[in-house]
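# Architecture at a glance
Listed below are the residues making up each chain.
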Amino acid sequence: MKKVAVIGAGTMGNGIAHVFAQHGFSVNIVDVQQAQLDKALQTIARNVDRQVAKDLLTATDKQEILQRIHTYTQLPDGVADAALVVEAATENADLKLRIFRQLDAAAPATAILATNTSSISITKIAAVTSRPGKVIGMHFMNPVPVMKLVEIINGYATEKEVTEYIVALSKTLQKVPCVVNDYPGFIANKILMPMINEAICSLYEGIAGVTSIDTIMKLGMAHPMGPLQLADFIGLDVCLSILRVLHEGYGNPKYAPCPLLVNMVTAGKLGVKSGEGFYVYSNNSKDLVVSERFQR
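Cut-offs used in this document
Residues numbered from 1 in each chain as written. Predicted model: local features only at pLDDT ≥ 70, side-chain atom pairs only at ≥ 80, totals over all residues. Heavy atoms only, no water. Helix = DSSP H or I, 4+ residues; strand = E, 2+ residues; numbered from the N terminus. Contact = heavy atoms within 4.5 Å. Lys, Arg positive; Asp, Glu negative; His and termini not counted. Charge placed at Lys NZ, Arg CZ, Asp CG, Glu CD. Pairing = 2+ DSSP bridges. Right-handed = clockwise from strand over helix to strand, strands pointing away. Domains from an automatic or database assignment. Buried area = accessible area lost by both parts, 1.4 Å probe. Salt bridge = Lys/Arg side-chain N within 4 Å of Asp/Glu carboxyl O. UniProt positions renumbered as here; feature names shortened; annotations may be inferred. Buried < 20%, exposed > 50% of the residue type's maximum accessible area, 1.4 Å probe, protein only. Phe/Tyr/Trp six-rings, centres within 6.5 Å; stacked < 30°, edge-to-face > 60°. Lys NZ or Arg CZ within 6 Å of the ring centre and 35° of its normal.

Turning our attention to the overall build of the chain. The number of helices and strands found in the chain is twelve helices and ten strands. Residue pairs at least 24 apart in sequence account for 64% of intrachain contacts in the chain once pairs closer than 6 positions are excluded. Taking the average place of the 27 positive charges on the side chains of the chain and the average place of its 26 negative ones, the gap between the two points comes to 1 Å.

Now for the pairing of strand β8 (residues 176–181). The pairing of strand β7 (residues 149–154) with β8 spans six bridges and is parallel. Looking at β8, one finds that Glu 151 is bridged to Cys 178. The parallel pair β7 and β8, bridged by helix α7 (residues 160–172), forms a crossover whose chirality is right-handed.

Here we come to the domain arrangement of the chain. What the domain assignment reports for the chain is domain 1 (3–181) and domain 2 (187–294). Taken residue by residue, the interface counts eight residues in domain 1 and seven residues in domain 2. Approximately 620 Å² of surface area, both sides summed, lies buried where domain 1 meets domain 2, with 59% of it carried by carbon and sulfur atoms. Where domain 1 touches domain 2, the interface holds zero salt bridges.

Let us look at the UniProt feature "domain: 3-hydroxyacyl-CoA dehydrogenase NAD binding" (unreviewed entry) in the chain. As annotated by UniProt and renumbered to match this structure, "domain: 3-hydroxyacyl-CoA dehydrogenase NAD binding" (unreviewed entry) occupies residues 3–182. Across residues 3–182 one finds 43% helix and 22% strand; the C-alpha atoms that close the span lie 27 Å apart.

On to unusual backbone geometry. Along the chain, Asn 142 connects to Pro 143 via a cis peptide bond; the corresponding omega equals 0°. Inspection of the secondary structure assignment puts Pro 143 in the loop between β6 (135–140) and β7. A positive phi is found at Asp 55, a non-glycine position, where the angle reads about 65°. Looking at the element boundaries, Asp 55 is found in the loop between α2 (34–53) and α3 (59–67). By relative accessible area, which is 70% here, Asp 55 ends up exposed.

What follows covers the packing of aromatic side chains. For the structure shown, the criterion picks out three aromatic pairs. Ring centres of Phe 278 and Phe 294 lie 5.5 Å apart, and the angle between their planes is 35°; on these two criteria the pair is classed as tilted. Here Phe 294 lies in the segment after β10 (285–290) and Phe 278 lies in the loop between α12 (259–266) and β9 (279–282), a separation of 16 residues in the sequence. Taking the ring centre of Tyr 250 as reference, the NZ or CZ of Lys 190 above it sits at 5.1 Å.

Right, let's get into the pattern of salt bridges. Tallying each qualifying case throughout the model produces ten salt bridges. With a closest N to O distance of 3.8 Å, Lys 96 and Glu 91 form a salt bridge. Glu 91 gets classed as buried once you look at its relative accessible area, which sits at 16%. Measuring nitrogen to oxygen at the nearest pair gives 3.8 Å for the salt bridge that ties Lys 134 to Glu 159. Note that Lys 134 is positioned in the loop between α6 (122–126) and β6 and Glu 159 in the loop between β7 and α7, a separation of 25 residues in sequence. For Glu 159, a relative accessible area of 33% corresponds to the partly exposed category.

This is the structure we're talking about:
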């Protein structure tokens, strides 16, 4: 299996393509927007340059990595000869179901179809295909070239051999695979999102400010990043989407999104991607600046 297709050229998609290409795989990135594909190639080149600067890779490695990556704007062309397809589109259930119907028709019958979803049911996605046994979750962490974890999620019908293969493949990518079962949020987000939501609720209720909340969790709990900064990094819209999946899937009020989170997403304050969330982000500064909305 040396031919991989990645669906979606966003942050996760280009990171996944980067890692596969770095480890000798030929990679097709498929996205409907050529501009997004061009941006992805530029991002991969910059990230590889950082690895070269740190002596993790050589200039020759960079050239070979970029030569292994090909871009397509049409789904059938990009997946026609793929042995593995990794879908990394926006975290939207309807979109993913539509993509998997198309993948099932376009990819070889023997191909494994993986999704990078962080919360949506693998069983539900697999059910729209004619190959549910070959559908699996392959949830990479952001930034993909740096983070070691791959959360591997078995759908109800995922074949044992497919799971074993994806586990071995993840190790080939120098990742650490952890296998979990298919329930809302899996493990990573079933535990992480309630913590982030509780941090937002604590801000909403006036218990503490942004800086205090994040500092307490960093210094007191040894978290590398505070929960509010992490929410900004993930994207507040993504956090809200995952919490809604948890709330609907478990029917437990403890997963209900904080009203402040809902309001911020409605207002377009999505974190790093929009330039403002709990903090304000500037290309010219790495210093954390709390949004005026939350300054006390």
